[in-house]
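Spelled out from the first residue to the last, the chains are:
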Amino acid sequence: MWFCLTLRRWCRVMLEEAVSRMNANTLPTIMQAIRYHGPGEPFHYDQIEVPRPGAGEVLVRVGAAGICHTELHLQDGTLNLGVVPLVPGHEIAGDVVAVGEGVHTFSLGD
């Protein structure tokens, strides 16, 4: 799983292949993502592009992710962000595998 950190958005995705310490030039281009498609629907595995970190962003290979009440409220319809499909998730732990321009506080492997 991967998580793209940014000040404006968060996204969590699951990769088909395990990858350790990579840079943006060697990352896979396609991955599987667990995505929300609307209230009452089960989460789906979808094929999507691997995000590339932009300026001020890092790409994290997620080793563990938590599901919290936010995801459950999305699925049961009590929370509607008005965005579908959506890659949920914000409770993660993992390794930095790519850094965007201007990132000085994180390095590969952090």
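Procedures and definitions
- Residues numbered from 1 in each chain as written.
- Predicted model: local features only at pLDDT ≥ 70, side-chain atom pairs only at ≥ 80, totals over all residues.
- Heavy atoms only, no water.
- pLDDT = per-residue confidence, 0-100.
- Helix = DSSP H or I, 4+ residues; strand = E, 2+ residues; numbered from the N terminus.
- Buried < 20%, exposed > 50% of the residue type's maximum accessible area, 1.4 Å probe, protein only.
- Polar contact = N/O pair within 3.5 Å; in protein donor to acceptor, adjacent residues only side chain to side chain.
- Contact = heavy atoms within 4.5 Å.
- Salt bridge = Lys/Arg side-chain N within 4 Å of Asp/Glu carboxyl O.
- Phe/Tyr/Trp six-rings, centres within 6.5 Å; stacked < 30°, edge-to-face > 60°.

1. Some words on the confidence of the model for the protein chain
Right, so step 1: Residues with a pLDDT of 70 or more make up 77% of the protein chain, whose mean pLDDT is 77.
Right, so step 2: Across the protein chain, strand β4 (residues 44-49) holds the top mean pLDDT of 92, while strand β2 (residues 10-13) sits lowest at 38.

2. Examining the side chain of E57
Right, so step 1: Mapped onto the elements, E57 comes out in the loop between β4 and β5 (58-66).
Right, so step 2: The exposure class of E57 is buried, given its relative accessible area of 3%.
Right, so step 3: Here the side chain of E57 touches G54 through a polar contact of 2.6 Å, landing on its backbone nitrogen.

3. Comments concerning the environment of V103
Right, so step 1: With respect to the secondary-structure elements, V103 resides in the segment after β6 (91-99).
Right, so step 2: A residue is classified by how much of its surface remains accessible, and V103, at 16% relative accessible area, is buried.
Right, so step 3: On a C-alpha basis, the gap between V103 and A55 in space is 7.3 Å, while along the polypeptide they are 48 residues apart.
Right, so step 4: If sequence neighbours within four positions are ignored, V103 has contacts with G56, E57 and V58.

4. Topic: the pattern of salt bridges
Right, so step 1: What the rule picks out here adds up to one salt bridge.
Right, so step 2: D46 is the salt-bridge partner of R35, the closest N and O atoms lying 2.9 Å from each other. With R35 in strand β3 (residues 30-35) and D46 in strand β4, the pair connects residues that are eleven residues apart, well separated along the chain.
Right, so step 3: Taking relative accessible area as the criterion, D46 reaches 15% and is therefore assigned buried.

5. Examining the environment of L27
Right, so step 1: As for its position among the elements, L27 is in the loop between β2 and β3.
Right, so step 2: Placed 23 residues apart in sequence, L27 and V50 show a C-alpha to C-alpha distance of 7.8 Å.

6. Examining the packing of aromatic side chains
Right, so step 1: Tallied over the full model, the rule gives one aromatic pair.
Right, so step 2: Relative to F43, the ring of Y36 has its centre 6.4 Å away and its plane inclined at 55°; by these criteria the two rings are tilted.
Right, so step 3: A relative accessible area of 3% places Y36 in the buried class.
Right, so step 4: With a relative accessible area of 28%, F43 lands in the partly exposed category.

7. Some points on the environment of P51
Right, so step 1: Its location among the elements puts P51 in the loop between β4 and β5.
Right, so step 2: Overall, P51 belongs to the buried group, its relative accessible area being 16%.
Right, so step 3: Between the C-alpha atom of P51 and that of L27, which follows or precedes it by 24 residues, the distance is 9.5 Å.

8. Quick word on the side chain of R35
Right, so step 1: Judged by relative accessible area, which is 17%, R35 ranks as buried.
Right, so step 2: A polar atom in the side chain of R35 sits 2.9 Å from the side chain of D46.
Right, so step 3: If sequence neighbours within four positions are ignored, R35 has contacts with F43, H44, D46, I48, P85, L86, V87 and P88.

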